[in-house]
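This is what each chain is made of:
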Amino acid sequence: MQKQDPQSKAALLERAPAYAQTVDLDVDVHLIDWEISERAKRYAGCCEYNHLTEQITITLAWAAYQEYGWAEFTGTIRHELVHAWEFQHFGDSTHGTRFLQKAREIDAPRYCRPFTEARLQLVCTNEDCGWHLDRHRASKSVTNPDDGYRCGRCKHRYEVQHVDSGACWRTNDEYERVRQWLGKDW
Ligand SMILES: [Zn+2]
Ligand SMILES: [Zn+2]
């Protein structure tokens, strides 16, 4: 994240509606409630509509924001704004043709990119230690754990775990094998 990007939930809660004002979309941003969720792990954003009060609430996931950074996260905001636009003009919203057309106009991603918990985890091999660290990408500490990397607490070796499959490795050779074995399930 860059310095001028929101660094706190309060800052993000201020910046998101301000950014929304600048998006070229016929939507009344003042009528939208903004919330930040610390618990949301599966989606980066969510747009809800109350059919009785016509109140729109856009919830942004703090974890997703931290993972994407501001620049990519504005795509999430634009996506949720298209939902808000559909709600305000048509009273419903899907990811259908009308949505897609509008999303294209403002360069918003068609789908709320699902945001899941970390795909990878570094786990200390010292059972008394309990240190573990989430990793989202295949960085060097993930692909080459035998390349001088150590537990951040007790300096023991760690193993890398692919969370979904449970597959583990401690060396680059093992990593290559697991990666091949998992194929598109990586
Ligand atoms: Zn959506
Ligand atoms: Zn340790």
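Residues numbered from 1 in each chain as written. Chains lettered and ligands numbered in written order. Predicted model: local features only at pLDDT ≥ 70, side-chain atom pairs only at ≥ 80, totals over all residues. Heavy atoms only, no water.

**Q** Tell me what's going on with the coordination of the zinc ion (ligand 2), and back it up with residues and numbers.
**A** Distances from the zinc ion (ligand 2) to its protein donors, Cys124 (SG), Cys129 (SG), Cys151 (SG) and Cys154 (SG), fall at 2.2 to 2.3 Å. For the zinc ion (ligand 2), the 4 donor atoms are set out with angles of 104 to 114° between them, so the coordination reads as tetrahedral. Counting gaps between the donor residues of the zinc ion (ligand 2) yields the pattern C-x4-C-x21-C-x2-C. Separated by 25 residues along the polypeptide, cysteine 129 in the loop between strand S4 (120-124) and strand S5 (132-135) and cysteine 154 in the loop between helix H5 (140-143) and strand S6 (158-162) bring together distant segments of the chain. Accessibility expressed as a relative area gives 13% for cysteine 129, which makes it buried. Given the relative accessible area of 26%, cysteine 154 is considered partly exposed. (Donors = N, O, S within 2.8 Å, 3.2 Å for Na, K, Ca; no water. Tetrahedral: all angles 85-135°; square planar, octahedral: opposite > 155°, others 65-115°. Helix = DSSP H or I, 4+ residues; strand = E, 2+ residues; numbered from the N terminus. Buried < 20%, exposed > 50% of the residue type's maximum accessible area, 1.4 Å probe, protein only.)

**Q** Any details on the packing of helix H3 (residues 70-90) against helix H4 (residues 97-105)? Residues and values, ideally.
**A** Viewed as axis vectors pointing N to C, H3 and H4 meet at an angle of 125°, and their least axial separation amounts to 10 Å. Our classification of the angle between H3 and H4 gives oblique. Seen along the crossing, H3 lies across H4 with a hand that is right-handed. Across from His79, Val82, His83, Trp85, Glu86 and Phe90 in H3, the residues of H4 making contact are Arg98, Phe99, Lys102 and Ala103. Counted by class, the contact of H3 with H4 contains 5 nonpolar, 2 polar and 3 charged residues. (Axes fitted to C-alpha atoms, helices over the stretch in contact; angles between N-to-C directions. Parallel < 35°, antiparallel > 145°, perpendicular 65-115°, else oblique. Left-handed = near helix turned anticlockwise from the far one by under 90°. Contact = heavy atoms within 4.5 Å. Nonpolar A, V, L, I, M, F, W, Y, C, P; charged D, E, K, R; others polar.)

**Q** Before we move on, could you go through the state of the cysteines and cite the residues and values that matter?
**A** Applying the stated criterion to the full structure yields 0 disulfides. Here cysteine 47 is not disulfide-linked; the sulfur of cysteine 46 is the nearest cysteine sulfur, at 7.2 Å. By relative accessible area, cysteine 47 is classed as buried at 13%. (Disulfide = S-S within 2.5 Å.)

**Q** Describe the pattern of salt bridges, naming the residues involved and giving the relevant values.
**A** Counting across every chain of the model gives 7 salt bridges. For the salt bridge of lysine 9 with glutamate 38, the shortest nitrogen-to-oxygen distance reads 3.5 Å. A residue pair is termed long-range when its members are at least 10 positions apart, and lysine 9 in helix H1 (residues 9-22) and glutamate 38 in the loop between strand S1 (32-37) and strand S2 (45-49) qualify at 29 residues. Among the residues examined, lysine 9 registers a relative accessible area of 31% and is labelled partly exposed. By relative accessible area, which is 54% here, glutamate 38 ends up exposed. Close ionic contact of glutamate 105 with lysine 102 constitutes a salt bridge, the shortest N to O distance being 3.1 Å. Within this pair, glutamate 105 and its partner lysine 102 are both found in helix H4, separated by 3 residues, close to a single helical turn. Assessed through its relative accessible area of 17%, lysine 102 is described here as buried. (Salt bridge = Lys/Arg side-chain N within 4 Å of Asp/Glu carboxyl O.)

**Q** Quick one: what's the story with the side chain of asparagine 126, residue by residue and with numbers?
**A** With respect to the helices and strands, the residue asparagine 126 is situated in the loop between S4 and S5. A polar contact is formed between the side chain of asparagine 126 and the backbone nitrogen of aspartate 128, at a distance of 3.0 Å. When sequence neighbours within four positions are dropped, the list of residues in contact with asparagine 126 reads Cys154 and His156. (Polar contact = N/O pair within 3.5 Å; in protein donor to acceptor, adjacent residues only side chain to side chain.)

**Q** Account for the nonpolar core, with residues named and values stated.
**A** Core analysis: the largest hydrophobic core is formed by 33 residues, its most contacted members being Trp34, Ile58, Phe73, Ile77 and Leu81. Contributions of two or more residues to this core are made by H1, S1, S2, strand S3 (56-61), helix H2 (62-68), H3 and H4. Once residues lying within four places of it in the same chain are set aside, the contact partners of isoleucine 58 are Ile32, Asp33, Trp34, Glu35, Cys46, Cys47, Glu80, Leu81 and Ala84. Core analysis: the second largest hydrophobic core is formed by 15 residues, Cys124, Trp131, Tyr175 and Val178 among them. (Core = buried A, V, L, I, M, F, W, Y, C linked by side-chain atoms within 4.5 Å.)

**Q** Break down the domain arrangement of the chain for me, citing the residues and quoting the values.
**A** For the chain, the assigned domains are domain 1 (9-105) and domain 2 (120-185). Relative to domain 2, the C-alpha centre of domain 1 lies at a distance of 35 Å. (Domains from an automatic or database assignment.)

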